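One letter stands for each residue in the lines below.
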Amino acid sequence: MRAEVLGAVRLVDDAGSPLEIPERKVRALLAALALNAGEAVPAETLISRVWGEDLPGNPSRVLQAKLSQLRALLEQATAGGREMVSRSGGGYRIELEGEALDAAVLRAAVGRAAELPADDRRAQMLESALELWHGRPYVEFADELWLSAEIADLEETRLRGLELCAEALVSVGRPERAVALAGPALTEHPTREGLAAPLLLAYCRTRRQPEALAAYERLRGHLADELGIEPTEALQQLHLSILRQEPEVMEQVPDAGGSEGAADSRGAPEAPDAGGRLPAYASAFLGREEETQQVLSLLGEHRLITLLGVGGIGKTRLAVHAAGQLVHQSGAGAWFVDLTEVPRRGEEEGSPADRIFRMTAEALSLSSPWQGGEEIPARVMAALEAREALLVLDNCEHVIDEVAAFTDGLLRRAPGVKVLATSREPMGLAEEQRLVVPQLPAEDVESAAAEFFMTRARAVNSAMADDAGTLAAAAELCRRLDGLPLALELAAARTSVLSVPDLLERITDRLDLFARPGRAAPRRQQTLRGMLDWSWELLDEQEQVLLRRLAVHPVLWRLDVIDQVCADSQRRPSFGEESCPEADHSVISADGTVLLPRRRVLGALTRLVERSLVSVTEVEGQVRYRLLETVGTYAAERLEDSGERNAVVARHIEYHRNLVDCAREFLFGPQARDWVRRIDEAGSHLSAAVTEALRRHDGASAVALVLSTFWYRWMTGRMDSLLEDLAAAADCPNPGQSPQERRAHAQLRVLARTVEDRLPGEKVGQVLESLEAFDADEQSQLARMQVQWFASTVMYADAEHRERGRRLADEAIGYLLEAGDVRAAAFGSTQRDWFLLEFWEEPPQGMPDGGDVEEILRSHGDVYGLTQALGVQHLWAEAQGRREESCRLAEEVLALSAELNLESEMAYWELVHAALRLREGSLDEATGHLRRGHRIAQRVAFVYCLPLHDALAAMLAQRRGEDHRSQQLFGRMSPRDRVNAGHALRRYFSEEVLPAELQSSGRRRVSSTTTPASSSEVRA
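Residues numbered from 1 in each chain as written. Predicted model: local features only at pLDDT ≥ 70, side-chain atom pairs only at ≥ 80, totals over all residues. Heavy atoms only, no water.

Draft legend 1. Summary view of the packing of helix 7 (residues 175–188) against helix 8 (residues 193–204). Orientation of helix 7 relative to helix 8, taken along the N-to-C sense of each, is 140°, at an axis distance of 9 Å. Judged by the angle between their axes, helix 7 and helix 8 are oblique. Every pair of crossing elements has a handedness; the one defined by helix 7 and helix 8 is left-handed. Contact with helix 7, carried on its side by Pro175, Ala178, Val179, Ala182, Gly183, Ala185 and Leu186, involves Leu195, Ala196, Leu199, Ala202 and Tyr203 of helix 8 and no other residues of that element. For the contact of helix 7 with helix 8, the per-class residue count stands at 11 nonpolar, one polar and no charged. (Axes fitted to C-alpha atoms, helices over the stretch in contact; angles between N-to-C directions. Helix = DSSP H or I, 4+ residues; strand = E, 2+ residues; numbered from the N terminus. Parallel < 35°, antiparallel > 145°, perpendicular 65-115°, else oblique. Left-handed = near helix turned anticlockwise from the far one by under 90°. Contact = heavy atoms within 4.5 Å. Nonpolar A, V, L, I, M, F, W, Y, C, P; charged D, E, K, R; others polar.)

Draft legend 2. Inspection of the nonpolar core at higher detail. One finds Leu547 and Leu985 to be the most contacted residues of the largest nonpolar core, which totals 143 residues. For this core, the element with the highest residue contribution is helix 40 (residues 903–920), accounting for 10 residues. (Core = buried A, V, L, I, M, F, W, Y, C linked by side-chain atoms within 4.5 Å. Buried < 20%, exposed > 50% of the residue type's maximum accessible area, 1.4 Å probe, protein only.)

Draft legend 3. View of the packing of aromatic side chains. In total, this model carries 19 aromatic pairs according to the counting rule given. On the numbers, 5.6 Å between centres and 75° between planes, the contact of Trp711 with Phe790 is edge-to-face. Of this pair, Trp711 sits in helix 30 (residues 710–716) while Phe790 sits in helix 34 (residues 778–791), and the two are 79 residues apart along the sequence. Taking the relative accessible area as the measure of exposure, Phe790 reaches 4% and is therefore buried. Among the aromatic residues, those joined into a ring-pair cluster are Phe668, Phe710, Trp711, Trp714, Trp789, Phe790, Phe827 and Tyr864. Its end group placed over the ring of Trp840, Arg802 keeps NZ or CZ at 4.2 Å from the ring centre. Against the face of Phe668 rests Arg823, its NZ or CZ located 4.4 Å from the ring centre. (Phe/Tyr/Trp six-rings, centres within 6.5 Å; stacked < 30°, edge-to-face > 60°. Lys NZ or Arg CZ within 6 Å of the ring centre and 35° of its normal.)

Draft legend 4. Fine view of the environment of Ile356. Tracing the backbone through its elements, the reader meets Ile356 in helix 14 (residues 352–363). Using a relative accessible area of 1% as the deciding quantity, one classes Ile356 as buried. Separated by 40 residues in sequence, Ile356 and Cys396 have C-alpha atoms that sit 9.9 Å apart. Non-local contacts of Ile356, meaning those with residues more than four positions away in its chain, are made with Leu339, Val342, Val399, Glu402, Val403 and Phe406.

Draft legend 5. Structural detail: the packing of helix 38 (residues 863–879) against helix 39 (residues 883–899). Running from N to C, helix 38 and helix 39 point in directions that differ by 160°, and their axes come no closer than 9 Å. With respect to their mutual orientation, helix 38 and helix 39 come out roughly antiparallel. Pair helix 38 / helix 39 crosses with left-handed handedness. In this structure, helix 38 uses Val863, Leu866, Thr867, Leu870, Gly871, Gln873, His874, Ala877 and Glu878 to contact helix 39, whose residues at the interface are Glu885, Ser886, Leu889, Ala890, Glu892, Val893, Leu896, Ser897 and Glu899.

Draft legend 6. Focus on the environment of Phe989. Tracing the backbone through its elements, the reader meets Phe989 in the loop between helix 44 (975–985) and helix 45 (1015–1019). We classify Phe989 as buried; its relative accessible area is 4%. Sequence separation of Phe989 and Leu918 is 71 residues, and the distance between their C-alpha atoms is 9.7 Å. The contact partners of Phe989, leaving out residues within four places of it in the chain, are Ala915, Leu918, Arg919, Met955, Arg959 and Leu994.

Draft legend 7. Looking closely at helix 39. Compared with an ideal rise of 1.5 Å per residue, which puts 17 residues at 24 Å, helix 39 spans 24 Å between its outermost C-alpha atoms and is within 8% of the ideal. Along helix 39, the residues that are buried comprise Ser886, Cys887, Leu889, Ala890, Val893, Leu894, Leu896 and Ser897. Contacts from the buried residues of helix 39 go to helix 38 and helix 40. Of the residues one or two after helix 39, Asn901 is the one with positive phi, at around 60°. (Expected span 1.5 Å × (residues − 1).)

Draft legend 8. Inspection of the sheet that holds strand 2 (residues 10–12) at higher detail. Strand order across the open sheet formed by three strands is 1-2-3, with antiparallel pairing between neighbours. Across the chains shown, the open sheet's two edge strands, defined by having one partner strand only, are strand 1 (2–4) and strand 3 (18–19). (Pairing = 2+ DSSP bridges.)

Draft legend 9. The arrangement of helix 27 (residues 672–681) in detail. For helix 27, the set of buried residues is Ala672, Trp675, Val676, Arg678 and Ile679. Looking straight down helix 27, one finds that the buried residues subtend no more than 165° of arc, so they occupy a single side. On its buried face, helix 27 is in contact with helix 23 (559–566), helix 26 (645–666), helix 28 (683–695) and helix 30. (Arc of directions from axis to C-beta.)

Draft legend 10. Expanded view of the environment of Thr306. For Thr306, the location among the structural elements is in strand 8 (residues 304–308). Residue Thr306 is classed as buried on the basis of its relative accessible area of 1%. Considered as a pair, Thr306 and Arg434 are 128 residues apart in the sequence and their alpha carbons are 5.0 Å apart. Not counting residues within four places of it along the chain, the set of residues in contact with Thr306 comprises Ala421, Ser423, Met427, Glu432, Gln433, Arg434 and Leu435.

Draft legend 11. Spatial organisation of the pattern of salt bridges. Under the criterion given, the structure shown has 54 salt bridges. Between Asp725 and Arg713 there is a salt bridge, and its shortest N-O distance comes to 3.0 Å. Note that Asp725 is positioned in helix 31 (residues 722–731) and Arg713 in helix 30, a separation of 12 residues in sequence. This pair shows no difference in class: Asp725 is buried, exactly as Arg713 is. A salt bridge links Arg917 to Glu925, with the shortest nitrogen-to-oxygen separation between them at 3.3 Å. In this structure Arg917 comes out as buried when scored by relative accessible area, which is 8%. The structure contains a network of salt bridges with shared partners spanning Arg558, Asp560, Arg624, Arg678 and Glu681. (Salt bridge = Lys/Arg side-chain N within 4 Å of Asp/Glu carboxyl O.)

Okay, structure coming up:
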């Protein structure tokens, strides 16, 4: 067993498996004790370190509870671990002896290594110790003052260890390994001379003298700028020796390591996940056969490969092609994450690192509902750590530090995952393998660049001349364009109107920056900006208008959305039939401004596609349009220069307000599935619209967008940023003053207070206060009742507020029924009945007028509401012993959940079916349901289903006589997981049938931390 603080604070059990500590306060307590391992820490000091100024009601009592939780985790990590925490004098101590604390191991190893010569023994000792370093010590608590001195000391210890290790590695003939260790560290600490010396030697002994000289110059510059000093005399002498190429410096010592760089020997995965998502391209992949094989070869031996090169060089296309080849060869899944939209640090509120996790979650189609504060990073890691998969991270350069941290954590947590990244600069990680994507060779008429250009050109102009003059002009054109695939694509698109010799002449006239690479602008920017300037001027005015307006959000666009956002007349969105008259046919406004009527959009778009300024892709068989990365950046500048960005942003927001207003009306009716898909696809645009509304302090639009998508996000589980969006919209200035806007703002504030990440008891007061904010008129009171039943759910968790919650729900349901909104009243009753049945075993109350809830929801075509109603019936049928009816209801709920693709619901109901089949003795059928439920839960990181799965799997193993397997499964469940799983399974098995590990002395107490959640979350 080992406690780890060199990175995240966690425990590792006797088997070497990480044991996550789910609660932050318990992690803080372990950190506070580990800081003074072996010494007694006063209780007052522990309370101060763990809670700071935000003290709980009874600090001493709460501390005792957290200590008990920590002891239980230690016992889970190792037999007798509970005794490691003991009371001593006026405080508590934790005994972490020998290798039980990674920080102590690192310090001891560095101390011993400093006394050893620079030999194999020192290198092996330090390499082993440095592997314990997983990032900044105590990373979650790194800003705490009480840890600052310890963190600084550990970071200094690590740096000293790196210096000593690098010296030894160079000495024993392993310079490549020395570069891998010392290079990133010197980049992070550029004045560290102790790292510089072995790194310079390592560079020389791997035949990289230019890099050694460059590293010395960087060191000297930093020392002069930051400290006002010169390098030490020894380093200056080493620099001179490198310049003179003296033998003792340049000589390569034989590699004593023997197996340095050997490939990982993990076996093949038992059942690699199939699937994934990669972009599809209409045009053939040309000219990169050698690079493709290089990428595949590197992927066969390493886990992190970064494709480097300038913009437009073809990194993305190569990465996608290689990933597709790997999928075809191995059957592993591959997922594509485009990081173009992640803002640089400081450009927007929020962390780029958070956005990276969010976009990865979207690429993986994680749709797990909000889980009581569970962070997205944990769900991404949970979804990936069980996979054999390739993650393609595209366009990393603008957030390279955040991507490096994400990738480092991912590779540590998910041993079956490989990462293929594209970037303009490397991540700097030790395991990173770098492949610089070269320009297409452009030396003659038979070069790869010439073949690439001519193939693309013939696709545009099949009648293009093929004589010697044309081929020679094409070869010179490719050379002038540096073999950049994007530039060649753009040039080939012009051959429909220009011959290749004419094209060459125009580029010579307009892009003579190629002849002056010494200008301040980077060569890549000179090339592409010149090409795009020229391409822009060849467009007619309406094409220019469309191109720059597409840059308002340069991701996937539907044609109908382009029509309504980018055209100068718009209509409200509809699903199916059009809902407005034809757009105005005028193309010039009264003030002389060029207009883009809707009838002209398709023609302009077609021409932009033909000119390779807009790319075409397919999404589920449907054509979608997007701007290339560089074109999008260029077009965004043009949009800003035109002075119409604010107007286009306003249209983009208004269109998506109308879209989600429509969706809000149809989500609880027969067209729900179609509208769920429609809003799924618009997710990126909706996120951008909310962001722009908040940035513009357009509170009315922010409220409308977030409020209208609330139930879509709730029922589908796409809730990654729901809490943040609710809070931000509720506090955004200018929420509107019309009666309708006031009602919407009041409703949103109620929802924000209800789902706020706090204990239910702490929220009741604020929820009640928000309910009183509605005006007294009839429409405002109806708006209140539409959310009041939902707000009441925070009050069911404990006896103190239960009756108040029931009264509020009953009042709202009755009001909605009287107002004629029978469907909403029926739906609200299902939520009330579920909570009261789940927590207090009360029979379903149903509708106040005796109406049939199920029939009401069926008649309205409300599939989601029907899953909730049938779920209540299933639970009540089980409670009354009506097993046949219970099974029928469970089957229908599973089918309905699949109809709307509610994956978290599907995972839960598959496990319910497993329990029902196990109870019947149908072990094979139970196994099938169990596997399907587990697979879905893992795919969407629905962690609440996993304890229930483990408990059922253990029971199934017992029935099959596999006692050892059963004990293993129960052994990995925490006491809390056993209690929760036991409670869920008591619906289907008597206390006598349940294994001893799941039995308890009484009914489960209702947790004080229960918060409103989707029905699946509560059930699990």
